[in-house]
Amino acid sequence: MQDALQQFFNQWRLTPIAQVAETGHAQVWKVEQTQGALAALKLYHRQDTGNEGPGICLLQHWQDRGAVTVIATSPSAVLMEWLDGPSLDQIARDGNPDRAMTMLAQTAIQLHAQPIPRLDDLVPLETVYAPFLKCRFAPDCPPELRKNMQRGKSLARTLLSTQHIRQPLHGDLHYGNVILDQNGLRVFDAKGYAGDPAFELANALRNPKDLPDLVRRPAQINTGLIRFSQALQTSRKRLAEWAAAKCALSIFWRSNGPVSADDEADLLDLLLHAADQ
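Residues numbered from 1 in each chain as written. Predicted model: local features only at pLDDT ≥ 70, side-chain atom pairs only at ≥ 80, totals over all residues. Heavy atoms only, no water.

Describing the packing of aromatic side chains
As a reminder of what qualifies: Only centres within 6.5 Å qualify two rings of Phe, Tyr or Trp (six-membered ring in Trp) as a pair; their planes then separate them into stacked at under 30 degrees, edge-to-face at over 60, and tilted for everything else. Counting from the N terminus, the helices are the DSSP runs of H or I reaching at least four residues and the strands are the DSSP runs of E reaching at least two. Only protein chains enter the accessibility calculation, which uses a 1.4 Å probe. A residue is then buried if its area is under 20% of the maximum for its type, exposed if over 50%, and partly exposed in between.
Using the criterion set out here, one finds 8 aromatic pairs in the structure. Note on Phe 9 and Trp 29: the rings are 5.8 Å apart at their centroids and 80 degrees apart in plane angle, and the pair reads as edge-to-face. Placement of Phe 9 in helix 1 (residues 2-11) and of Trp 29 in strand 2 (residues 26-32) is noted, with a sequence separation of 20 residues between them. Taking the relative accessible area as the measure of exposure, Phe 9 reaches 7% and is therefore buried. Take Trp 29: its relative accessible area is 14%, and that puts it in the buried class. When the centroid spacing of 6.2 Å and the interplanar angle of 65 degrees are considered together, the rings of Tyr 129 and Phe 132 count as edge-to-face. Comparing Tyr 129 with Phe 132, the two get one shared label, buried. What links up through ring pairs into an aromatic cluster is the set Tyr 129, Phe 132, Tyr 193, Phe 199, Trp 242 and Phe 252.

Right under this line is the structure:
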């Protein structure tokens, strides 16, 4: 990893400042370019960008809509501009969740403005959900969670089969992936999906993660559904159904096998209830 890191420092003429993050699949470094501008170098542990490749491509097509500027790419690394400013996550944690929600809705409007780009290499939502539709349950899975996960699967099947509009999707558009800098609202860490635009802010209903009590308030869920559905020009009910289906999908991903207990079991129940309204 260190050899590969040094290779990109040399190749792209970067001066390392500090490692700022490490995930299961990548390191992120704050670096300085030769002209003095700051940048973020993301180096993947494997030899390619994995499932983030389509998202990088989409960000490049969205750079006139507030997406982070992609400076350079390689099969196993990406160099992006450094974004200074609070995330919408931070703004919400600082006591302004309503302002953060408004800005997240504005971000979605900005990304999905006409004309809609046509891209061939994005991941269809059908592909994203396919493993979840074969979800299994551990013997100790609580009956209520099992029932709600089955309901989530049923919702996902119906939603996937009724996608009347298909367009590029960030795929993980929530408070933590938007920064407010001197140039406005800036977006990063796209998944690069393709499908129903009503899916785009489904994951936002599970966020901010650091405010679990707020996220679980029925009034907060309802306000988010109203504002986000207006931003995406979709129905409140369809967005609520996608939110429940996305929560169930995330529970499935975290299980890494048969589903057992999960900390978001109660949130899934709340989102299913909202979808019934």
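There is more to say, and it comes next.
Focus: the side chain of Glu 52
Short version of the rule: Polar contact criterion, stated in full: a pair of N or O atoms within 3.5 Å, where within protein one must be able to donate a hydrogen and the other to accept it, and residues adjacent in sequence count only if both atoms are side-chain atoms. Contacts are assigned to residue pairs with any non-hydrogen atoms lying within 4.5 Å of each other.
Tracing the backbone through its elements, the reader meets Glu 52 in the loop between strand 3 (38-44) and helix 2 (53-61). Polar side-chain contacts of Glu 52 include one of 3.0 Å to the side chain of Lys 42. For Glu 52, the side chain forms a polar contact with the side chain of Tyr 44, separated by 2.6 Å. In contact with Glu 52, other than residues within four places in its own chain, are His 25, Lys 42 and Tyr 44.

Here we look at the sheet that holds strand 5 (residues 77-81)
Put simply, the rule reads: Two strands qualify as a pair provided that DSSP identifies no fewer than 2 bridges between them. The axes are straight lines fitted to the C-alpha atoms, using for helices just the contacting stretch, and the angles between their N-to-C directions are given from 0 to 180°.
Here 5 strands make up an open sheet; going across it, the order is 1-2-3-5-4 and the pairing antiparallel. The open sheet has two edge strands with one neighbour each: strand 1 (15-22) and strand 4 (70-74). If you compare each strand with its neighbour and ignore which way they point, the axes differ by 20 degrees on average. Strand direction decides the pairing type here: strand 2 and strand 3, joined by 7 bridges, are antiparallel. For Lys 30, the partnering residue across the bridge sits in strand 3 and is Ala 40. Contacts between helix 1 and the sheet are confined to strand 1, strand 2, strand 3, strand 4 and strand 5, with strand 3 contributing the most and set at about 145 degrees to the helix. Its contacts with the sheet place helix 2 against strand 3, strand 4 and strand 5, and it is angled at close to 150 degrees to strand 4.

Structural notes on the pattern of salt bridges
Basically, it comes down to this: Salt bridge criterion: a side-chain nitrogen from Lys or Arg within 4 Å of a carboxyl oxygen from Asp or Glu.
Within the structure shown, the criterion is met by 17 salt bridges. As a salt-bridge pair, Arg 206 and Glu 264 come within 2.9 Å of each other at their nearest N and O atoms. Placement of the pair is Arg 206 in the loop between strand 10 (193-195) and helix 7 (212-215) and Glu 264 in the loop between helix 9 (236-255) and helix 10 (265-275), with a sequence separation of 58 residues. Given a relative accessible area of 4%, Arg 206 falls into the buried group. With relative accessibility at 7%, the residue Glu 264 sits in the buried group. A cluster of three or more residues bridged by salt bridges with shared partners is formed by Arg 206, Arg 254, Asp 262 and Glu 264.

Re the packing of helix 6 (residues 143-161) against helix 9
For any two helices packed against each other, one specifies the crossing angle of their axes together with the interaxial distance. The line we're drawing: Working definition: roughly parallel below 35 degrees, roughly antiparallel above 145 degrees, roughly perpendicular at 65 to 115 degrees, and oblique for all remaining angles. Should the near helix be turned anticlockwise from the far one by less than a right angle, the crossing is left-handed, and should it be turned clockwise, the crossing is right-handed.
At a minimum axis distance of 8 Å, the contact between helix 6 and helix 9 shows a crossing angle of 125 degrees. As judged from the angle between their axes, helix 6 and helix 9 are oblique. Regarding helix 6 and helix 9, the two cross each other, and that crossing is left-handed. Residues Leu 145, Met 149, Gly 152, Leu 155, Ala 156, Leu 159 and Leu 160 of helix 6 form the contact with helix 9, whose own contacting residues are Arg 238, Glu 241, Trp 242, Ala 244, Ala 245, Ala 248, Ile 251 and Phe 252.

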